[in-house]
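What follows is each chain in one-letter form.
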Amino acid sequence: MIRDCCDTYDCACITGALIPACHVKDDCFEELTRIVKPGGYIVFAMWEASLEDCEKMGILRESTLQKHCDNGLWKLIEKRMVPDYFRGKRGVARAFQVL
């Protein structure tokens, strides 16, 4: 937890951290919505191939992302497939706006 940083940042970006071999899980999004200002953005990108493994391992669950939308923490601004994300592999990028 980052202390004394409520509503401090305009944007938080995650890239390369939401993968099966990493320690970052989707519970990080609650902390990010706390430290990003209302109206600010949380953006993340990852390999498309990692999505299924991450879902199974509880690293990135669609249900958690949707729960944050349903609970009014953020809204999905964009979900985009990235054809050549890294070394010819496809990726996915998402942007959420903190409410």
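Bear in mind that the values here come from a model prediction, so they are computed numbers and not experimental data.

S.K.: Just checking my understanding: could you explain helix 2 (residues 50-57) for this structure?
M.R.: Each α-helix winds once per 3.6 residues, and so residues spaced three or four apart point in a common direction. Among the residues of helix 2, those classed as buried are Ser50, Leu51 and Cys54. In a view along the axis of helix 2, the buried residues occupy a sector of 100 degrees, so they form one face of it. Seen from the buried face of helix 2, the exposed residues on the opposite side, beyond 90 degrees, are Glu52 and Lys56. Lining the buried residues of helix 2 we find strand 2 (36-47) and strand 4 (89-98). Of the residues trailing helix 2, glycine 58 is marked for its positive phi of about 75 degrees.

S.K.: Which parts of the structure should I look at to understand the packing of aromatic side chains?
M.R.: What describes a pair of aromatic rings is the distance from one ring centre to the other and the angle between the planes of the rings. By the definition in use, this model includes five aromatic pairs. Considering the side-chain rings of phenylalanine 44 and phenylalanine 96, the 6.3 Å spacing of their centres and the 15 degrees angle between planes classify their relative orientation as stacked. Remark: phenylalanine 96 occurs in strand 4 and phenylalanine 44 occurs in strand 2; sequence separation between them is 52 residues. Judged by relative accessible area, phenylalanine 44 falls into the buried class, the value being 1%. Given a relative accessible area of 2%, phenylalanine 96 falls into the buried group. Within the aromatic cluster, the residues linked to one another by ring pairs are Phe29, Phe44, Trp74 and Phe96.

Procedures and definitions
- Residues numbered from 1 in each chain as written.
- Predicted model: local features only at pLDDT ≥ 70, side-chain atom pairs only at ≥ 80, totals over all residues.
- Heavy atoms only, no water.
- Buried < 20%, exposed > 50% of the residue type's maximum accessible area, 1.4 Å probe, protein only.
- Helix = DSSP H or I, 4+ residues; strand = E, 2+ residues; numbered from the N terminus.
- Arc of directions from axis to C-beta.
- Contact = heavy atoms within 4.5 Å.
- Phe/Tyr/Trp six-rings, centres within 6.5 Å; stacked < 30°, edge-to-face > 60°.

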